[in-house]
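# Structural description and commentary
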Amino acid sequence: MSERVDNEKAAQILEEIADMLEIQGESVFKVNAYRRAAENIRSLGRDLSSMVQDGSIFAVEGIGKAIGEKITELVTKGRLEYYEKLSQEVPRSLLEILEIPDMGPKRVKAVWEKLKVTTIEELEEAAKSGRLAELPGFGPKSVARILAGIEERKRALETHRIPLVSAWILAEMVKEGLLGLPGLRIEVGGSFRRKKETVGDLDFLVSSHDPEAAVERFCSLPMVQKVLLRGSKKASVLFKGSIQGDLRVIERSRWGTALQYFTGSKEHNVQMRELALKKGFSLSEYSFKAVDGGDEILCAEEEEVYAFLGLPWILPELREGRRAVDEALKGNLPNVVNEEDLKGDPHVHTLWSDGFSSIEEMVLSAKEKGLRWIAITDHSAALAVAGGLDTARLRSQMVEIDDVNRKQTSVRVLKGVEAEILADGTVDVPGDLVDELDIVIGSLHLSMRQSREEITRRYLKAIRHPRVHIIAHPTGRLLGQRQGMDADWEVIFEEASRTGTILEINANPYRLDLPDYLAALANEKGCLFSIGSDAHRTSQMELLHFGVSVARRAWINKDRIVNTWELDKLLDWAKSKHDRL
DNA sequence: GCCGTTTTCGGCCCGACTGTTTTCAGTCG
Ligand SMILES: Nc1nc2c(ncn2[C@H]2C[C@H](O)[C@@H](COP(=O)(O)OP(=O)(O)OP(=O)(O)O)O2)c(=O)[nH]1
Ligand SMILES: [Mg+2]
Ligand SMILES: [Mg+2]
Ligand SMILES: [Zn+2]
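Residues numbered from 1 in each chain as written. Chains lettered and ligands numbered in written order. Predicted model: local features only at pLDDT ≥ 70, side-chain atom pairs only at ≥ 80, totals over all residues. Heavy atoms only, no water.

## Describing the UniProt feature "domain: Polymerase/histidinol phosphatase N-terminal" (unreviewed entry) in chain A
Under the UniProt annotation, "domain: Polymerase/histidinol phosphatase N-terminal" (unreviewed entry) lies at residues 344-423. Counted over residues 344-423, helix gives 34% and strand 22%. Its end C-alpha atoms are 31 Å apart. (UniProt positions renumbered as here; feature names shortened; annotations may be inferred. Helix = DSSP H or I, 4+ residues; strand = E, 2+ residues; numbered from the N terminus.)

## Topic: the domain arrangement of chain A
When the parts of a complex come together, some accessible area is lost, and that lost area is often taken as the interface size. Entries for chain A in the domain assignment read domain 1 (7-158), domain 2 (162-246), domain 3 (255-330) and domain 4 (339-580). For domain 1 and domain 4, the distance between their C-alpha centres works out to 41 Å. By the criterion of area lost to domain 4, the three top residues of domain 1 are Gly45, Arg46 and Asp47, representing 75% of everything that side buries. Linking domain 1 with domain 4 are 2 salt bridges. Arg452 is the salt-bridge partner of Asp47, the closest N and O atoms lying 2.6 Å from each other. Tallied by class, residues from the side of domain 1 that touches domain 4 come to 1 nonpolar, 3 polar and 3 charged. (Domains from an automatic or database assignment. Buried area = accessible area lost by both parts, 1.4 Å probe. Salt bridge = Lys/Arg side-chain N within 4 Å of Asp/Glu carboxyl O. Nonpolar A, V, L, I, M, F, W, Y, C, P; charged D, E, K, R; others polar.)

## Here's the deal with the coordination of the magnesium ion (ligand 3)
Every protein donor of the magnesium ion (ligand 3) is listed here as Asp201 (OD), Asp203 (OD) and Asp246 (OD), and their distances to the metal cover 2.0 to 2.2 Å. Between the magnesium ion (ligand 3) and the magnesium ion (ligand 2) the interatomic distance comes to 3.5 Å, and Asp201 is a ligand of both metals. Note that Asp201 is positioned in strand S4 (residues 201-207) and Asp246 in strand S7 (residues 244-249), a separation of 45 residues in sequence. By the burial criterion, Asp201 is buried, and Asp246 matches it. (Donors = N, O, S within 2.8 Å, 3.2 Å for Na, K, Ca; no water. Buried < 20%, exposed > 50% of the residue type's maximum accessible area, 1.4 Å probe, protein only.)

## Quick word on the packing of helix H20 (residues 489-499) against helix H21 (residues 516-524)
The interhelical angle for the contact between H20 and H21, taken along N-to-C directions, is 50 degrees, at an axis separation of 9 Å. Regarding the angle of H20 to H21, the classification is oblique. The crossing of H20 and H21 is right-handed. Mapping the contact onto sequence places Trp489, Glu490 and Phe493 in H20 and Leu518, Leu521 and Ala522 in H21. For the contact of H20 with H21, the class distribution of residues is 5 nonpolar, no polar and 1 charged. (Axes fitted to C-alpha atoms, helices over the stretch in contact; angles between N-to-C directions. Parallel < 35°, antiparallel > 145°, perpendicular 65-115°, else oblique. Left-handed = near helix turned anticlockwise from the far one by under 90°. Contact = heavy atoms within 4.5 Å.)

## Notes on the coordination of the zinc ion (ligand 4)
Taken together, the protein donors to the zinc ion (ligand 4) comprise His347 (NE2), His349 (NE2), Glu418 (OE) and Asp534 (OD), at separations of 2.0 to 2.4 Å. Because the angles between the 4 donor atoms bound to the zinc ion (ligand 4) fall within 79 to 163 degrees, the donor set is best described as irregular. Donor residues for the zinc ion (ligand 4) sit on one chain with the sequence pattern H-x1-H-x68-E-x115-D. For the pair shown, His347 and His349 are each scored as buried. (Tetrahedral: all angles 85-135°; square planar, octahedral: opposite > 155°, others 65-115°.)

## Looking at the site of ligand 1
Around ligand 1 there are 15 residues in total, and Arg161, Ser191, Arg194, Gly200 and Asp201 lie nearest to it. Within the contact set of ligand 1, an oxygen atom lies 2.8 Å away from a backbone nitrogen or oxygen of Gly200. Between ligand 1 and the protein, one listed contact pairs a nitrogen atom with a side-chain N or O atom of Asn269 at 3.1 Å. Against a free-state accessible area of 590 Å², the protein chains account for coverage of 70% of ligand 1. Only helix H11 (190-193), S4, helix H13 (255-263) and helix H14 (266-278) provide two or more residues apiece to the shell around ligand 1. Split by residue class, the shell around ligand 1 holds 3 nonpolar, 6 polar and 6 charged. (Near = heavy atom within 4 Å. Polar contact = N/O pair within 3.5 Å; in protein donor to acceptor, adjacent residues only side chain to side chain. Areas by Shrake-Rupley, 256 points an atom, 1.4 Å probe, with all protein chains shown as cover.)

## Describing the pattern of salt bridges
All told, the structure shown has 54 salt bridges when counted by the stated rule. A salt bridge links Arg254 to Glu251; the nearest nitrogen and oxygen atoms lie 3.5 Å apart. Its relative accessible area of 14% is what places Arg254 among the buried residues. Since its relative accessible area comes to 47%, Glu251 is described here as partly exposed. The network of salt bridges with shared partners includes Arg46, Asp54, Glu490, Glu494 and Lys525.

## Quick word on the sheet that holds S7
With mixed pairing, 5 strands are arranged side by side in an open sheet as S2-S4-S7-S6-S5. The outermost strands of the open sheet, each flanked by one partner alone, are strand S2 (185-188) and strand S5 (224-230). This sheet shows a mean twist of 20 degrees between the axes of neighbouring strands, independent of strand direction. Its contacts with the sheet put helix H10 (residues 164-178) on S2, S4 and strand S6 (234-239), and the angle it makes with S4 is roughly 30 degrees. Contacts from helix H12 (residues 211-219) reach S4, S5, S6 and S7 within the one sheet, and its direction differs from that of S7 by about 175 degrees. (Pairing = 2+ DSSP bridges.)

## Describing the sheet that holds strand S16 (residues 502-506)
If you walk across this open sheet you meet the 7 strands as S11-S12-S13-S14-S15-S16-S17, and the pairing is parallel. With one partner strand each, in any of the chains shown, strand S11 (344-348) and strand S17 (529-532) form the two edges of the open sheet. Where S16 lies against S17, 4 bridges are found, and the strand directions are parallel. Looking at S17, one finds that Leu503 is bridged to Phe529. Along the sheet face, helix H18 (residues 391-407) touches strand S12 (373-376) and strand S13 (412-420) and points at about 160 degrees away from the line of S13.

## Considerations on the nonpolar core
In this structure, Phe218, Phe239, Ile374, Phe493 and Phe529 are the most contacted members of the largest nonpolar core, which totals 94 residues. Considering every element that reaches this core, the biggest residue donor is H10, with 7 residues. Counting 51 residues, the second-largest nonpolar core is a separate cluster that includes Met20, Tyr34, Ile63 and Leu132. (Core = buried A, V, L, I, M, F, W, Y, C linked by side-chain atoms within 4.5 Å.)

## Here's the deal with the protein's contact with DNA strand B
Residues in contact with DNA strand B amount to 47 residues; listed here are only the nearest, Gly62, Gly64, Gly139, Lys233 and Arg273. By atom count, sugar and phosphate contribute 79% of the portion of DNA strand B lying within 4 Å of the protein. At 3.1 Å from a phosphate oxygen of DNA strand B is found a main-chain nitrogen or oxygen belonging to Lys234. At the level of elements, helix H2 (28-42), helix H4 (65-77), helix H7 (105-115), helix H9 (140-156), S5, S7, H14 and strand S8 (281-283) are the ones that each hand at least two residues to the surface near DNA strand B. Counting residues per element, the surface near DNA strand B draws most heavily on H14, which supplies 5 residues. A breakdown of the residues in the surface near DNA strand B according to their chemical character gives 18 nonpolar, 11 polar and 18 charged.

## Points about the packing of aromatic side chains
A complete count under the given rule lists 10 aromatic pairs for this structure. Pairing Tyr459 with Trp489 gives two aromatic rings, centres 6.0 Å apart and planes at 45 degrees, and the pair type is tilted. One end of the pair, Tyr459, is in helix H19 (residues 452-463); the other, Trp489, is in helix H20, with 30 residues separating them in the sequence. Each member of the pair Tyr459 and Trp489 is classed as buried. In this structure an aromatic cluster arises from ring pairing among Trp168, Phe192 and Phe546. Positioned above the aromatic ring of Trp555, the side-chain terminus of Arg323 is 3.9 Å from the ring centre. Positioned over the ring face of Phe356 is Arg537, at 4.4 Å from the centre of the ring. (Phe/Tyr/Trp six-rings, centres within 6.5 Å; stacked < 30°, edge-to-face > 60°. Lys NZ or Arg CZ within 6 Å of the ring centre and 35° of its normal.)

And the structure:
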């Protein structure tokens, strides 16, 4: 019996194949082809199995005949002979050694062949016994670095990616610590600037009149646990908490090319550099250099880099993979949403259920943010654990909302509910009051461990409900804590699109749900979106921008996001749902 | 292994830092 191979699993297998091939000494281009295919599969919203069925898998960038056939075998049979054969040849534990800093494929191959080392424990033993230092290319210093890497790995248990919001706090501390450098310009690049939901490290780009001092200050920041590497132009450190920090120092006149480089993604950089080569220039973080040895062109701002290649400036959130340059050349970049475009927040909790702020406090917070309306959407009765409101309490809440709306008019308060989608797909909408509700959110907190088929059926039923306007946090994932539910998202999104049921991008930074890659699929299916703070206290309304980032990363045009609509349009849209069924 | 408004074969981004090396390979960003 074999398990269903989902996209993530398939991507992992392709990455393992890449690692194993690389250890065997295969061509880096072949190895990169597997890595690129894996990366592209991760960004697919559609299930591989359905793409194998209709053959569209072969149309995915970076997937040709060989890899396409392997994926086909993998998802139809649940196993892949080529992978199993490779796994026989290359011990799996060698792939763990690859995770030790400074242990790349060449060195892993060397210790395996010459010292018969296949595990981290054996590597540690070989290092301590002095055998490792005798290998060509190794010496006392590299052995010490490797041992330190092994120790750090034991200490940190898991070197994992951290949520964007946690990185934010650390980044602010680092920036503060560098204040006062002469002529300082600083920006966080990498996945942080691209607003990826998690970041693997923090990448700081700095220019200063005193570059040496910049490196020095960075390496001696109080939150630095260890300096991993330090030169005149860059440094890498391990912050306390085992998150890595990379610093790159650059002349102000080269800021544009440097920021473009350090923002990535790697694939985007490669594509930019390939495009430059086609135009006869070699692009690096320093400049464009004419390949024929002619002039060097410096770019002080990022816009100039893109302009030089005939491209509009590309938003960092769009710079994943190789899509952005292709679409930019065709003039197909999305008209993305900005936080200022949001006129309201359609998902807010209060003291009435499991929130910690009153309706009035939430209104005040919304007003400060410049919002013109919010929807109070406390939980429905079925979610008793979260203090769900029965009909009587909901009626009382409505009285309070009317009252708040009378007292002030700057923020219009909508009457809503976050209604539980029950195990059989019926929605816990309070029948008596349904005509008085402006907005009904349907969401699922109970029986989340049902099968893929059952979850899909539940959502389809909820989407077909004439009163359910928004489906909130569809996958139910909690970053770093809980995997999202499995469901046939393609079918769900098609039905949401057909019925005009709005899909939420939950802006809570531990949810970000829909996640970017699924929101992108829903966008292709023509769905509408709402960005909801799901605030349970006033301060959480400040988190809306995380949802904005997800929407941008999903290439959604702002007119598909209902927060940007005039309120009347949204209310009309909600009222007319039965016409679209 | 993938890919192609100059290609179906011959390319595939470019540079910093480290340690070990007598001139550069390996790793990483
Ligand atoms: N041209 C080029 N640029 C690279 C390469 N590797 C990394 N970069 C650039 C682009 C990356 O966004 C940036 C920072 O590298 P990181 O390894 O920190 O990656 P990134 O921040 O994108 O993702 P992360 O969340 O840290 O794993 O450096 C490369 O091989 N070539
Ligand atoms: Mg990074
Ligand atoms: Mg980095
Ligand atoms: Zn909620």
